[in-house]
Amino acid sequence: MRTAVGIDLGGTFIKGAIVDEAGTIVIKEEIPTHAERGPSDILRRIEELARVLIERSGVELTDCAGVGIGVPGFIDTEAGVAVEVINIGWKNVFVRDPLTESLGLPVYMENDANAAALGEAFAGAGKGCESALCITLGTGVGGGVILEGKVLRGASHMAGEIGHIVLYPEGAPCNCGHRGCLETVSSATGVVRLARERMARGEQTELQSENLTAADVFATAVRGDALAQAVVAEATEVLGRGLAIAANIVNPVAIVVGGGMARAGDALFTPLREAFSRYALERVAAVAKIVPATLGNDAGVVGASKLALFP
Ligand SMILES: [Zn+2]
């Protein structure tokens with residue numbers, strides 16, 4: 001069976017895997033990124049990681065379709081350049097051509113959130129769905145759109161930034177420079193912020209301000225805490241509205257929700273599905289199933305490999 005190497009370049013770790021054309025991971029490995037050593041060192045170790053994986057998997061080089069890389073920043077897929085990767089300090093780093101040359105295999109690049117979305121649509125919760133919206137609820141809200149099995153990139157590679165739909169023009173400041181983006185309310189950070197705001201206003205709660213996490217808020221809401229329930233209601237309401245806006249445009253079969261906050265399970269998904277169906281067009285809501293992501297941290301490598309398997 002044909003395979004490919006999927007690489008997920010992160011700020012702390014570089015994950016790599018050999019993935020077959022059914023989307024199954026044959027073997028995987030991760031190494032530290034060491035961002036401080038600079039781009040050429042990282043590229044050299046990505047090359048080494050790819051070689052080690054191919055060798056250890058016993059895959060013939062002729063059966064390897066190539067290498068796909070998810071990069072956590074702005075990229076230019078035409079030129080094969082990482083334009084800006086803030087968390088590893090890259091600016092205009094040529095990635096594709098040097099690696100193609102050193103490995104002797106075709107190399108493909110994608111933004112990491114898009115690669116993760118592609119992974120879920122290829123072999124995860126969106127498997128078999130030709131169109132999917134994928135979001136990651138973590139520190140921020142990442143998003144990707146898959147149409148007919150391909151990543152929707154847009155004119156400047158910004159398609160799918162669902163987290164930055166402005167829902168409250170007068171709302172809290174967002175990292176993007178605007179105010180009141182979806183992610184200021186419906187990310188893990190947003191949920192904690194909403195809870196803290198209510199606590200500061202003196203609302204009664206069993207939540208403790210110290211080390212407060214979004215998981216605490218969801219768990220406490222389930223136990224009947226009024227403040228936590230109000231926060232969950234607001235975060236899911238806003239997320240449902242944002243997803244409905246995106247879904248009315250894309251008309252997806254699946255909306256895949258991943259990231260740390262998705263672990264809240266029904267406490268998140270039940271009110272989210274309810275809010276979504278209140279705002280999405282009826283025919284849009286009727287076909288769009290909202291499901292938890294299933295690949296977890298492997299989504300990035302699986303999606304990256306798909307770039308090479310089915311270019
Ligand atoms: Zn924003």
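Each remark here, short or long, concerns the structure printed above.
Right, let's walk through the structure included here.

Calculation criteria
Residues numbered from 1 in each chain as written. Predicted model: local features only at pLDDT ≥ 70, side-chain atom pairs only at ≥ 80, totals over all residues. Pairing = 2+ DSSP bridges. Helix = DSSP H or I, 4+ residues; strand = E, 2+ residues; numbered from the N terminus. Axes fitted to C-alpha atoms, helices over the stretch in contact; angles between N-to-C directions. Buried ≥ 20, exposed ≤ 12 C-beta atoms within 10 Å, placed from the backbone. Contact = placed C-beta atoms within 7 Å. Core = buried A, V, L, I, M, F, W, Y, C linked by C-beta atoms within 7 Å. Domains from an automatic or database assignment.

1. Notes on the sheet that holds strand β1 (residues 3–9)
By definition, the strands of a sheet pair up through backbone hydrogen bonds, in either a parallel or an antiparallel sense.
Here is step 1 of the chain: Across the sheet, five strands lie side by side as β3-β2-β1-β4-β8; this open sheet has mixed pairing. Pairing within the sheet leaves two strands with one partner each, and these edge strands are β3 (25–32) and β8 (107–111). Pairs of neighbouring strands in the sheet enclose a mean axial angle of 20 degrees, with direction left out of account.
Here is step 2 of the chain: Strand direction decides the pairing type here: strand β2 (residues 13–20) and β3, joined by seven bridges, are antiparallel.

2. Let's talk about the pairing of β8
Here is step 1 of the chain: Burial runs high along β8: five of the five residues are buried.
Here is step 2 of the chain: Side chains V107, M109 and N111 of β8 all project onto a buried face; the interleaved residues Y108 and E110 project onto the opposite face, where all are buried too.
Here is step 3 of the chain: Bridging between strand β4 (residues 64–71) and β8 involves five bridges; their strand directions are parallel. Bridged to G68 within β8 is Y108.

3. Examining the environment of L103
Here is step 1 of the chain: In this fold, L103 is placed in helix α2 (residues 96–103).
Here is step 2 of the chain: Given 19 C-beta atoms within 10 Å, L103 falls into the partly exposed group.
Here is step 3 of the chain: Separated by 38 residues in sequence, L103 and A65 place their C-alpha atoms 12 Å apart.
Here is step 4 of the chain: Once residues within four sequence positions are removed from consideration, L103 is found in contact with E47, A50 and V67.

4. A closer look at the pairing of β4
Here is step 1 of the chain: The buried count for β4 comes to eight of eight residues, which makes it a mostly enclosed element.
Here is step 2 of the chain: Relative to β4, β1 is paired through five bridges, and the arrangement is parallel. The residue bridging T3 from the neighbouring strand is C64, located in β4.

5. Focus: unusual backbone geometry
Here is step 1 of the chain: At E148, a position not held by glycine, the phi torsion is positive, near 50 degrees.
Here is step 2 of the chain: One non-glycine residue, H157, adopts positive backbone phi at about 60 degrees.
Here is step 3 of the chain: Checked against the element boundaries, H157 lands in the loop between β11 (150–151) and α4 (182–186).
Here is step 4 of the chain: Since 18 C-beta atoms lie within 10 Å of it, H157 is described here as partly exposed.

6. Looking at the nonpolar core
Here is step 1 of the chain: Residues I7, L133 and V217 are the most contacted members of the largest nonpolar core, which totals 103 residues.
Here is step 2 of the chain: Of the residues forming this core, the biggest block, twelve residues, is contributed by helix α7 (residues 226–250).
Here is step 3 of the chain: Split by domain, this core shows at least three residues from each of two domains, domain 1 (3–120 + 298–309) and domain 2 (128–294).
Here is step 4 of the chain: In this view, V217 contacts V191, A195, L207, A228, V231 and V232; residues no more than four positions away in its chain are not counted.

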